[in-house]
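# Geometric and topological summary
The residues making up each chain are set out below.
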Amino acid sequence: MKKHYPYCLLFVLFALHCGQSIAQPGTRQLSLQEVVTLAQAQSAEALQVETSRENSYWKWRSVKSEYRPQLSLEGTLPDFSRTITPVTQPDGTTEFRPVSINNTDLGLTLSQVISPTGGKVFVTSLMQRFDDFDREQTRYNGNPAIIGLEQPLFAYNALSWNKKIEPLRYEESQKQYVEDREEIAVKATGLYFDLLLAQVNQGIAAKNLANNDTLYQVAQEKYKLGRLSKNDLLQLRLAVLNSDLALAQANLDEQTAALALRNYIGLKDSNRFSLHVPESIPNAAVATDLALAEARKNRKESINFRRRMLEAESLVAKARGDNGFNASLFATFGLTNQGAVLSDIYNRPDNQQRARIGFTMPILDWGRQRSVTKVAQLNQQLVEYTISQEETNFEQAVVTQVNQYNTLKNRIRTTAEADAIAAERYEIAKNTFLIGRISITELNIALAEKDQARRAYIASLSEFWEAHYTLRQLTLYDFERQEPIVAEAQEGV
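Structural notes, computed from the coordinates.

Cut-offs applied
Residues numbered from 1 in each chain as written. Predicted model: local features only at pLDDT ≥ 70, side-chain atom pairs only at ≥ 80, totals over all residues. Heavy atoms only, no water. Core = buried A, V, L, I, M, F, W, Y, C linked by side-chain atoms within 4.5 Å. Buried < 20%, exposed > 50% of the residue type's maximum accessible area, 1.4 Å probe, protein only. Helix = DSSP H or I, 4+ residues; strand = E, 2+ residues; numbered from the N terminus. Contact = heavy atoms within 4.5 Å. Pairing = 2+ DSSP bridges. Phe/Tyr/Trp six-rings, centres within 6.5 Å; stacked < 30°, edge-to-face > 60°. Lys NZ or Arg CZ within 6 Å of the ring centre and 35° of its normal. Salt bridge = Lys/Arg side-chain N within 4 Å of Asp/Glu carboxyl O.

Taken as a class, soluble globular proteins show a tendency for nonpolar side chains to be buried jointly. Residues Phe193, Ile265, Phe273, Val398 and Trp465 are the most contacted members of the largest nonpolar core, which totals 54 residues. Sorting the residues of this core by element identifies α2 (32-42), α3 (44-65), α4 (158-224), α5 (230-265), β6 (272-275), α6 (288-298), α8 (368-434) and α9 (440-475) as the ones contributing at least two each. The contacts of Trp465, once residues within four sequence positions are left out, are Leu32, Thr189, Phe193, Pro278, Ser280, Ile281 and Pro282.

Structure (structure tokens):
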């Protein structure tokens, strides 16, 4: 009976330990995909990204409105003046007379810009009323209709360049929105595995404490029977104490990681997290050519490069247009009249025409025009060189990420097998130790290797899933569904 007593005790203690491993009430089960979805929907960073997208949308609406007809009403109601004014008399002398007058004017204008030329056409109707209170006179003056044209000649056409650049800027902002959401997924994945690893360490520490405590109690019985040395007994007691310290630290690490994840994804409840180990990974490897093609097509970089090149060309055009020969044309044709009553303005009005051409031409500028243009041209070359290097760096980043993704995917199989082997080896070592065929040192080595293999497996999963979401961010392509990642359309676009 004494011979089998240690094994009976071991069985009872393990049964008690298993009975205690029931999940605590109020624990929230979460998967990696659920955490990513929550982070992209309600985290503070997701709200910032959404607000930034709204901002770019309304900026784009503002830009588009500049190219549409504009209707405006302008006026002065009233412009009253009561003062003493010098008045020249018929004999050439000056008399100071009291004057009480009021001027009222009102104008309605419909205008439309001409983006290919940078000009503007407009139709306007003007009305003016003059009141002289001292002489009790009222006069009206107005233009029932005027058609006009304002056209810069040989000048920089900002309207034309903005019409090319601003659509690219808006499209770039939409790509940035999708990239920012994928960046949130990458960060959420990192925090998810921080907590998962903390929970794994917590489980390892709790199990090691239970196992070491069990082994220590069995060892005490063996020591009483003279089948175990004092040194081995003390080593087992030291293992129990170290396991207790490790469990306390693991609990603290788990609480810290849980708080970080809870705050990031915007959860307000205080329930504990229980995270699933995402062992199911995509089967297919990612082809480098496909990743590069999708990255060039989907990412904002291709649009960003085109926009920056257009902006550099625009600055060269502006340097040339603002420093050379410039002229402007202003012409109007319309109707005008005046009278003592308002209706007189519309009674057989007269024609009114106006035309003006103004110009500026530098004659001596000490090389200023040439210098400004040269600087703009050199900046354009610098942008070209910078973009060329950025294209190379971007493609290299995609290729590197693809290689890392495929390597980490293959590594998971190895670490999973190592985890299973190390766990099985520890169980064998523990049972072998109980019958006295190996030393406590060999048991501790097996324990350390088991724990290390488990952590290595979780770490390999963490690296793989972070690489997975990083590759999605770099390409804006879902390799599982084999489709681009796009943002939902905004209203009014």
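Here we come to the pairing of β6. In β6, alternate side chains face the same way, and those of Phe273 and Leu275 are buried while those of Arg272 and Ser274 on the opposite face are not. As paired strands, strand β1 (residues 27-30) and β6 are joined by four bridges and run parallel to one another. Each residue of the ladder has a partner; that of Leu30, found in β6, is Leu275.

This model, assessed by the stated rule, comprises eleven aromatic pairs. With 5.5 Å between their ring centres and 75 degrees between their planes, Tyr192 and Phe193 make a pair best called edge-to-face. Classification of Phe193 as buried rests on a relative accessible area of 2%. Lying across the ring of Phe433, Lys222 places its NZ or CZ 5.5 Å from the centre.

Here we come to α6. Residues spaced three or four apart along an α-helix face the same direction, because each turn holds 3.6 residues. Where α6 is concerned, the buried positions are Ala291, Leu292, Glu294, Ala295 and Asn298. On its buried face, α6 is in contact with α4, α7 (300-323), α8, α9, β9 (477-478) and β10 (483-484).

Per the stated rule, a full pass over the model turns up 24 salt bridges. Among the salt bridges present, the one from Lys224 reaches Glu221, with a minimum N-O distance of 3.8 Å. Note that Lys224 and Glu221 are positioned in helix α4 at a spacing of three residues, about one turn of the helix. Look at Lys224 and you get exposed, because its relative accessible area is 64%. In this structure, Arg272 engages Glu254 in a salt bridge whose closest nitrogen and oxygen atoms are separated by 3.7 Å. Within this pair, whereas Arg272 is found in strand β6, its partner Glu254 is found in helix α5, the two being separated by 18 residues in sequence. Judged by relative accessible area, Glu254 falls into the buried class, the value being 6%. When salt bridges with common partners are traced through the structure, they connect Glu166, Arg169, Glu172, Arg307 and Glu311 into a single cluster.

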